[in-house]
Amino acid sequence: MQKIELKPHYDVTVIGAGVGGLTAAALLSKAGLSVCVLEMADHSGGYLAGFRRKHFLFDTAIHWLNQCSPGGMASNIFDFIGTDHPVPVPQKRIRRYLGDHFDYLLTNNPDEFRDQLIHDFPEDKEGIIRFFKVAKGIGKAFVNFRHFFRTEETMNAFEKLANKRHLLKFAMPFIPHLRYEGGKGIRKGLSKYFKNPKIHDIFSSDNDLLSCLVPIGWAYFGDFQSPPEGGGQVIPHWLEHVVTALGSDIFYKCRVKQILLDGTTAKGVQFEHRGGVYEVNSKYVIPACDVETLYEKMLPEHVIPAKMKERLKAAELYSSSVTVSIALDCPTEQLGLSEEAIHLGSEAIPRSEHQSGDPEKTELIILPPSLRDKTLAPEGMGTLVIFMPAYMKYKNNWLTEVDEQGNYVRNEEYRKLKNEIGEILIRRVEERLVPGLRKHIMFFDVATPITHHRYTGNKNGTMMGAKPGRANMQNKIAHYKTPIENMILGGHWAELGGGVPIAVKAGANASLMVLKKENREAYKLLADYMDEKIDINAVRKSAAFRLYNNSWKRSLTPAEKLALRTTIQ
């Protein structure tokens, strides 16, 4: 049992041990500041935490990674922190588009996909070539996304002006396509390229034109990676190790109840741990947690403007999900699958239904984690994951009850419902993709929006937070600075979008904003590195950041431990 032994004072308290919070904690610890990280779960990771069932290991939310290969935005920050960070694996087979009457594969050579379309639809050859050329241009723009790593809230006036010019140049490939969203919009957008409606069907699960183009663009530049060996959870495990190796503290099962204030300036937090109430005193607070929970429950009502809270409540968020994690009695490849994510839909179903959360109609994504990484399942066995978008409002909050504190109370009806939906998704995959799947299933586990809310605290169990888009931009949903002095957002709510790169970006910028006040030398070094004015060798020669001894070793997975015991016996 972890014992809470707090220092009398910390420089920074971080709320949440997801990738954003841990990135901030690692950078600040390297800069010599004392950091206390508080996590409400019993382990680090947030959506990357993963879970174990028997000798199988499952990731909870990763379909792929991007910006994590050498030179990528996330990888660059990990290099700054230490040379022993986990390394994702580049994907070759990326995405399979599978409908009732089509089956296409996107690889790291998208021209193969292009040429197959030209073969099948020669009358649309010119439009197909233009479509893939536009996608490649968008992919090239994303290559330069790392140049916009810093938030303007860390910049001076001259830097902001230069940044706006760079951002405009970056946005140019996207702007002509922004208005093609929704059912009518995407049909109009695709019609600019394709006359044959059967090509439209291939993208029947996408809700805007950019969603059709971006994956192809990323594929052109090799920006799809599978999680590192040992699963996505090794990323937060590594960050966790760095934070503690540099002398900072991480405490689990700690639910923050309120931000401690001196007027409108943060001075620490109060939290509960196993029935006890504790206080952390610190100069700064970096919440890497749900922003509505922060503003509505952790602060007095009057300190956050009502209009700001109203805008946040109306923000357009990513969906949550139902995820069925399956243990198989055979290797996944024995079922005829390969490394790509399979997007299973039906052109007979209206586009709006593909993201509706109806388990009979919604698009499914099928992933073969143990095929990508043999450490996740015992030898001769495998794992399969079925994912679908889902929403908290489904069947009155999944037949749960809501208590006085706003918690979703799970009951037998809820458990029955989620297992019924798991069975529906398995049936759909068995009928369309893997005949005889059920006879290979040893057991399966179903996570719902209720599950994701319970473990992360994110509003409605959303997987990534607020969507990029005109409405969220106009309402300034994404922000680092808050109405509370010395309280800086450091999780994915600080940015629009989601995933590991956005979480890393948020954590890095939150730490940069603290260093700008507390350690100008460290601030200048990190800012110059993020702006690519200096390389990692210059960083390592500087004394502005403490040396980390690169001592992390990946823990064996349950399957690896089983194999080791078997070998010894």
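Residues numbered from 1 in each chain as written. Predicted model: local features only at pLDDT ≥ 70, side-chain atom pairs only at ≥ 80, totals over all residues. Heavy atoms only, no water.

A.B. asks: Would you explain the sheet that holds strand 16 (residues 382-390) in this entry?
C.D. replies: Strand pairing within a sheet occurs via backbone hydrogen bonds; the two strands may be parallel or antiparallel. Taken in spatial order, the seven strands make up an open sheet running 7-6-14-15-16-13-19, and their pairing is mixed. Two strands close off the open sheet at either side, each with one partner strand: strand 7 (103-107) and strand 19 (441-447). Recorded for the sheet is a direction-independent mean angle of 20 degrees between the axes of neighbouring strands. In the sheet, strand 13 (residues 320-328) pairs with strand 16 via nine bridges, with the strands oriented antiparallel. (Pairing = 2+ DSSP bridges. Helix = DSSP H or I, 4+ residues; strand = E, 2+ residues; numbered from the N terminus. Axes fitted to C-alpha atoms, helices over the stretch in contact; angles between N-to-C directions.)

A.B. asks: For this particular structure, what's the right way to read the environment of Arg255?
C.D. replies: On the secondary structure map, Arg255 appears in strand 10 (residues 255-262). The partly exposed category is assigned to Arg255, whose relative accessible area is 44%. For Arg255 and Leu38, which are 217 residues apart along the polypeptide, the C-alpha to C-alpha distance reads 7.6 Å. Leave out the neighbours within four places in its chain, and Arg255 touches Met40, Gln270, Phe271 and Glu272. (Buried < 20%, exposed > 50% of the residue type's maximum accessible area, 1.4 Å probe, protein only. Contact = heavy atoms within 4.5 Å.)

A.B. asks: Would you mind showing me how to read the pairing of strand 1 (residues 10-15) here?
C.D. replies: The two faces of the sheet receive side chains in turn, since in a regular strand these alternate between them. With five of its six residues buried, strand 1 lies for the most part within the structure. Note: strand 1 against strand 2 (residues 35-38), four bridges, orientation parallel. In the sheet register, Thr13 faces strand 2, and the bridge partner there is Cys36. At this point the chain moves from strand 1, through helix 1 (residues 19-30), to the parallel strand 2, and the crossover so formed is right-handed. (Right-handed = clockwise from strand over helix to strand, strands pointing away.)

A.B. asks: Hey, could you run me through the pattern of salt bridges in this one?
C.D. replies: A pair can form between side chains of opposite charge whenever their charged atoms are brought close. As enumerated under the stated definition, the model contains 24 salt bridges in all. For the salt bridge of Arg114 with Asp111, the shortest nitrogen-to-oxygen distance reads 3.3 Å. With Arg114 and Asp111 both in helix 3 (residues 111-120) and three residues apart, the pair spans about one turn of that helix. Accessibility expressed as a relative area gives 22% for Arg114, which makes it partly exposed. With a closest N to O distance of 2.6 Å, Lys374 and Glu333 form a salt bridge. Note that Lys374 is positioned in the loop between helix 12 (369-372) and strand 16 and Glu333 in the loop between strand 13 and strand 14 (341-344), a separation of 41 residues in sequence. Ionic contacts of the salt-bridge type, sharing partners, join the residues Asp111, Arg114 and Asp115 into one network. (Salt bridge = Lys/Arg side-chain N within 4 Å of Asp/Glu carboxyl O.)

A.B. asks: Could you clarify how one ought to interpret the sheet that holds strand 10 in this entry?
C.D. replies: On the basis of which strands lie adjacent, the open sheet formed by six strands has the order 9-2-1-12-11-10 and mixed pairing. On the outer flanks of this sheet lie strand 9 (249-251) and strand 10, each paired with one strand and no other. Strand-to-strand twist in this sheet, taken as the mean axis angle between neighbours without regard to direction, amounts to 35 degrees. Alignment of strand 10 against strand 11 (residues 265-273), held across seven bridges, turns out to be antiparallel. From the neighbouring strand, Gln258 faces strand 11, where its bridge partner is Gln270. Running at roughly 165 degrees to strand 2, helix 1 makes contact with strand 1, strand 2, strand 9 and strand 12 (276-287) of the sheet.

A.B. asks: How should the packing of aromatic side chains be read in this particular structure?
C.D. replies: In this description, an aromatic ring pair is defined by two values, namely the gap between the centres and the angle between the planes. Counted according to the given criterion, the structure contains 23 aromatic pairs. Ring centres of Phe78 and Trp238 lie 5.4 Å apart, and the angle between their planes is 75 degrees; this geometry places the pair in the edge-to-face category. In this pair, Phe78 is assigned in helix 2 (residues 73-81) and Trp238 in helix 9 (residues 234-245), connecting sequence segments 160 residues apart. Assigned by exposure class, Phe78 and Trp238 land together as buried. Considering the side-chain rings of Phe131 and Phe132, the 5.9 Å spacing of their centres and the 70 degrees angle between planes classify their relative orientation as edge-to-face. Both residues of the pair, Phe131 and Phe132, belong to the buried class. Pairwise contacts between aromatic rings join Tyr97, Tyr104, Phe113, Phe131, Phe132, Tyr193, Phe194 and Phe203 into one cluster. (Phe/Tyr/Trp six-rings, centres within 6.5 Å; stacked < 30°, edge-to-face > 60°.)

A.B. asks: Could you clarify how one ought to interpret a nonpolar patch on the surface in this entry?
C.D. replies: Together, Leu168, Met172, Ile175 and Leu178 line one region of the surface with nonpolar side chains, adding up to about 390 Å² of accessible area. Mapped onto the elements, Ile175 comes out in the loop between helix 5 (157-171) and helix 6 (182-191). (Patch = residues over 30% accessible without salt bridge, like charges linked within 9 Å, V, L, I, M, F, W, Y side chains within 5 Å. Areas by Shrake-Rupley, 256 points an atom, 1.4 Å probe, with all protein chains shown as cover.)

A.B. asks: Is there a simple way to think about a positive patch on the surface in this case?
C.D. replies: Side chains of Arg130, Arg179, Lys188 and Lys192 sit close together on the surface and give a patch of like positive charge. Tracing the chain through its elements places Arg179 in the loop between helix 5 and helix 6. Taking the relative accessible area as the measure of exposure, Arg179 reaches 55% and is therefore exposed. (Lys, Arg positive; Asp, Glu negative; His and termini not counted. Charge placed at Lys NZ, Arg CZ, Asp CG, Glu CD.)

The values are spatial; any link to function lies outside them.
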